[in-house]
Amino acid sequence: METTWEDFYNKHLPPQDFIQSETLLKTFVERQLKKNNKVVLVTSGGTTIPLEHNTVRFVDNFSAGTRGSVSAEYFLEKEYAVIFMYRVNSLEPFSRHFKGQKILDMLEVNRQGEKSTITVLPQYTENLIKVLHRYKEALNQDKLLQLTFTTLSEYLWLLRSACQALACLKNKAILYLAAAVSDFYIPSNELSVHKMSSSETQTISLQLVPKILAPLVSLWVPEAFVVSFKLETDENLLISKARGALNKYKHNLVIANMLQTRKQQVTFVSQENNYVISLSNEQLKKGEEIERLIVTALVEKHKSFIKSTEKDN
Ligand code: PAZ
């Protein structure tokens with residue numbers, strides 16, 4: 001059974017730090033509006049579905065947050081302000097370049113008597129300075145706001161709040177919904193409070209998550225440029241499902257990708273046409289990122305969208 005989106009919000013409490021997040025969103029957007037900046041909301045990483053209120057176990061998905069974090073950097077390069085809404089511990093813009101052990105491999109300790117200092121090994125300095133420079137620039141120019149979620153419910157509360165904050169930007173806002181959001185959940189009132197017992201078999205019944213694109217497009221940000229993603233594992237379903245979503249929600253674009261090839265190829269599905277954006281094996285080997293092509297194409301589409309919507313008014 002599918003509950004309505006209103007029901008979902010009625011039955012799930014907002015996250016603990018929700019008021020602070022709302023304030024951050026509102027004030028960030030107000031500052032961008034004053035500066036006449038375009039703003040993109042990038043959602044990134046996967047949502048969890050808790051199996052207990054005191055959560056020990058949860059259902060998760062594969063998303064590492066690569067698409068979102070890489071795209072956020074390219075949007076900043078194109079002078080957009082970015083609200084980066086991401087799953088705790090998934091990849092973040094800039095720091096993604098130094099994830100895990102990489103950062104330790106880049107450093108060396110220098111001992112001088114009692115004192116020790118740390119320096120970056122010369123072969124890494126140039127790259128580190130470049131990334132650090134871009135990161136500091138985004139912060140100094142007040143162009144980057146990062147907010148986190150973990151569960152589906154936190155994601156949905158934050159998403160609605162971000163949309164409500166962005167609505168005043170009208171056609172200057174892009175929603176770039178790259179997060180891998182669960183399609184199923186266990187309603188809060190059906191969750192066990194404590195860790196589920198392992199001495200008996202457990203049957204879990206999952207409900208369908210309400211289709212949040214519907215109110216998002218028609219009510220929350222009706223004038224924004226909305227881009228959703230469609231992930232499939234069966235090539236035969238990919239484009240028809242993407243087009244189905246576009247026809248149903250009437251937003252601007254679906255970016256369709258296959259789990260196996262998502263880093264090399266995507267298809268833009270719009271009202272006008274479908275077209276493939278891809279990297280050659282050579283480009284991929286050289287470390288080129290498909291997000292650069294995606295964002296470049298999107299920025300052009302957004303420009304045309306702004307022009308056409310301003311002509312209509
Ligand atoms: O985060 P990641 O780079 O590992 O994966 C990106 C992605 C496949 C989650 C994204 O491109 C996407 O398709 N998001 C929507 C998934 C969905 O259909 O719910």
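Right above here is the structure, for reference.
A brief look at the structure comes next.

Conventions and cut-offs
Residues numbered from 1 in each chain as written. Predicted model: local features only at pLDDT ≥ 70, side-chain atom pairs only at ≥ 80, totals over all residues. Heavy atoms only, no water. Helix = DSSP H or I, 4+ residues; strand = E, 2+ residues; numbered from the N terminus. Rg over C-alpha atoms; globule rule 2.2 N^0.38 Å. Buried < 20%, exposed > 50% of the residue type's maximum accessible area, 1.4 Å probe, protein only. Contact = heavy atoms within 4.5 Å. Areas by Shrake-Rupley, 256 points an atom, 1.4 Å probe, with all protein chains shown as cover. Lys, Arg positive; Asp, Glu negative; His and termini not counted. Charge placed at Lys NZ, Arg CZ, Asp CG, Glu CD. Pairing = 2+ DSSP bridges. Axes fitted to C-alpha atoms, helices over the stretch in contact; angles between N-to-C directions. Salt bridge = Lys/Arg side-chain N within 4 Å of Asp/Glu carboxyl O. Expected span 1.5 Å × (residues − 1). Core = buried A, V, L, I, M, F, W, Y, C linked by side-chain atoms within 4.5 Å. Phe/Tyr/Trp six-rings, centres within 6.5 Å; stacked < 30°, edge-to-face > 60°. Lys NZ or Arg CZ within 6 Å of the ring centre and 35° of its normal.

## Quick word on the overall build of the protein chain
The helix and strand inventory of the protein chain stands at 10 helices and 14 strands. A compact globule built from 313 residues should have a C-alpha radius of gyration of about 20 Å, and the protein chain, at 21 Å, falls within 12% of that. With respect to the principal axes defined by its C-alpha atoms, the protein chain has extents near 65 × 65 × 40 Å. Looking at the protein chain as a whole, 45% of its 313 residues are labelled buried. Within the protein chain, residue pairs in contact and separated by at least 24 positions form 72% of the contacts whose partners lie at least 6 positions apart. Total accessible area computed for the protein chain in this model is approximately 17000 Å², and 51% of it derives from carbon and sulfur atoms. Each charge class in the protein chain can be summarised by its mean position, and for the 38 positive and 34 negative side chains these summaries are 4 Å apart.

## A word on the environment of V254
Checked against the element boundaries, V254 lands in strand β12 (residues 253–258). Sequence-wise, V254 and K230 are 24 residues apart; in three dimensions their C-alpha atoms are separated by 6.7 Å. Residues within four places of V254 in sequence aside, it is in contact with S228, F229, K230, A242, A245, L246, T267, F268 and V269.

## Quick look at the sheet that holds strand β13 (residues 265–269)
Read from one edge of the open sheet, eight strands run β7-β4-β1-β8-β11-β12-β13-β14, paired in mixed fashion. The open sheet has two edge strands, β7 (144–149) and β14 (274–278), and neither has a second partner. Each neighbouring strand pair of the sheet contributes to a mean axis angle of 20°, computed without reference to strand direction. Of the pairings in the sheet, the one linking strand β8 (residues 173–177) to strand β11 (residues 225–232) comprises four bridges and is parallel in character. Note that in β11 the partner of L177 across the bridge is S228. The strands that helix α2 (residues 18–34) touches are β1 (39–44), β4 (81–87) and β7; relative to β7, the one it contacts most, it runs at about 155°. This element, helix α7 (residues 213–220), spans β8 and β11 of the sheet and lies at about 170° to β11.

## Some words on the pattern of salt bridges
For the coordinates displayed, the defined rule picks out 14 salt bridges. Its salt-bridge partner being R67, residue E291 comes within 2.8 Å of it at the nearest N-O pair. Taken together, the residues E291 in helix α10 (residues 290–312) and R67 in helix α3 (residues 66–77) connect sequence positions 224 residues apart. Given a relative accessible area of 11%, R67 falls into the buried group. Beyond isolated ion pairs, a larger network of salt bridges with shared partners links E73, E77, R96, R134 and E289.

## Observations regarding α3
For α3, built from 12 residues, the straight-helix expectation of 16 Å at 1.5 Å per residue is met to within 8% by its first-to-last C-alpha distance of 17 Å. Summarising burial for α3: 10 of the 12 residues are buried, a large majority. Where α3 terminates, the next one or two residues include E79, which has phi positive at roughly 75°.

## Thoughts on the side chain of R160
Note on placement: R160 falls in helix α6 (residues 152–166). Despite its burial, R160 pairs with no opposite charge, the nearest such side chain being E22 at 7.4 Å. If we ignore the near neighbours within four places in the chain, the residues touching R160 are W5, Y9 and W220.

## A closer look at α7
Buried within α7 we find L213, P215, L216, V217 and W220. The secondary structure elements touched by the buried residues of α7 are α1 (5–11), α6, β8, β11 and α8 (235–249).

## Remarks on the nonpolar core
Nonpolar side chains in soluble globular proteins tend to end up buried together. Counting 54 residues, the largest nonpolar core has I83, L159, L166, L175, L216 and V226 as the members making the most contacts within it. Considering each element in turn, this core owes the most residues, 10 residues, to α6. Residues within four places of L175 in sequence aside, it is in contact with L41, C163, L166, L216, V221, A224, F225, V226 and V227. Counting 37 residues, the second-largest nonpolar core is a separate cluster that includes A138, Y176, I290 and V299.

## With respect to the packing of aromatic side chains
One pass over the full model with this rule turns up 15 aromatic pairs. Look at F268 and Y275: their rings are 5.4 Å apart centre to centre, the planes differ by 40°, and that puts the pair in the tilted class. Taking the relative accessible area as the measure of exposure, Y275 reaches 31% and is therefore partly exposed. Members of the aromatic cluster, each reached through a chain of ring pairs, are W5, F8, Y9, F18, W157, Y185 and W220. Sitting above the plane of the Y9 ring, R160 keeps its charged end 3.9 Å from the centroid. Here the basic side chain of R160 rests over the ring of W157, its NZ or CZ set 5.2 Å away from the ring centre.

Read these as spatial facts, not as claims about activity.
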